[in-house]
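Structural description and commentary
Each chain, letter by letter, is given below.
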Amino acid sequence: MTDFVIVQTTYEHRDDALAAAKDLVERRLAACAQTLGPIASTYAWDGDVQQADEWLLAAKCRLADFDKCSDALLTQHPYDTPELVATPIVAGSAGYLQWLLQSTK
């Protein structure tokens, strides 16, 4: 197991996702972040099933920095209750994991 996670959230607008990605990388809370989309999301909200196009942000972060990443994302996130989850990176190439470590110091 490694000490890294992929922190994931979604945005209604591409520019918001890109701005959040840039902020995380500039603050060295993430080594890199991808913005994917639009994606088709289906979810329960306000007692109904909703569908929307969204933009997915996936940022590679240190597990130890999850709270800082979470705080940074939640502070500026436009959603009332945004998705904010971390998936552990259980394995990776030695060079990539070393790069993640160096990029988040």
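Please refer to the structure placed before this passage.
Presented here is a report on the structure given in the accompanying data block. (Residues numbered from 1 in each chain as written. Predicted model: local features only at pLDDT ≥ 70, side-chain atom pairs only at ≥ 80, totals over all residues. Heavy atoms only, no water.)

1. What to know about the overall build of the protein chain
- The helix and strand tally for the protein chain stands at three helices and four strands.
- For the protein chain, the sequential pattern of α-helices and β-strands runs β-α-β-β-α-β-α.
- In terms of overall size, the protein chain behaves like a compact globule, its C-alpha atoms giving a radius of gyration of 14 Å where 105 residues would be expected to give roughly 13 Å.
- Along the first, second and third principal axes, the C-alpha atoms of the protein chain reach 45 × 25 × 20 Å.
- In the protein chain, which comprises 105 residues, the share counted as buried stands at 35%.
- In the protein chain, of all internal contacts separated by at least 6 residues, the share reaching a separation of at least 24 is 73%.
- Total accessible area on the protein chain stands at roughly 6300 Å², and carbon and sulfur atoms take up 52% of it.
- One way to put it: in the protein chain the 8 positive side-chain charges average out to a point 16 Å from where the 15 negative ones average out. (Helix = DSSP H or I, 4+ residues; strand = E, 2+ residues; numbered from the N terminus. Rg over C-alpha atoms; globule rule 2.2 N^0.38 Å. Buried < 20%, exposed > 50% of the residue type's maximum accessible area, 1.4 Å probe, protein only. Contact = heavy atoms within 4.5 Å. Areas by Shrake-Rupley, 256 points an atom, 1.4 Å probe, with all protein chains shown as cover. Lys, Arg positive; Asp, Glu negative; His and termini not counted. Charge placed at Lys NZ, Arg CZ, Asp CG, Glu CD.)

2. Some remarks on unusual backbone geometry
- Cis geometry marks the peptide bond from glycine 37 to proline 38, where omega comes out at 0°.
- Structurally, proline 38 is set in strand S2 (residues 30-45).
- A positive phi angle, near 60°, is found at arginine 28, a position not held by glycine.
- Positionally, arginine 28 belongs in the loop between helix H1 (14-26) and S2.
- For arginine 28, a relative accessible area of 37% puts it in the partly exposed group.
- The phi dihedral of aspartate 46 is positive, around 55°, even though this residue is not glycine.
- As for its position among the elements, aspartate 46 is in the loop between S2 and strand S3 (48-62).

3. Comments concerning the sheet that holds S3
- Read from one edge of the open sheet, four strands run S2-S3-S1-S4, paired in antiparallel fashion. A strand with exactly one partner marks an edge of an open sheet, and here the two such strands are S2 and strand S4 (85-88). Shown here is a sheet whose adjacent strand axes are inclined to one another by a mean of 30°, direction ignored.
- In terms of strand pairing, S2 meets S3 through 13 bridges, oriented antiparallel. By the bridge assignment for S3, alanine 44 is matched with valine 49.
- Along the sheet, H1 makes contact with strand S1 (4-11), S2 and S3, crossing S2 at roughly 145°.
- Set on the sheet, helix H3 (residues 94-103) makes contact with S1, S2 and S3; between it and S2 the angle comes to about 95°. (Pairing = 2+ DSSP bridges. Axes fitted to C-alpha atoms, helices over the stretch in contact; angles between N-to-C directions.)

4. Here we look at H3
- When H3 is considered as a whole, its buried residues turn out to be Leu97, Leu100 and Ser103. Down the axis of H3, the buried side of the element spans an arc of 130°, and every buried residue falls inside it. Residues of H3 that are exposed and point over 90 degrees away from its buried face: Ala94 and Gly95. (Arc of directions from axis to C-beta.)

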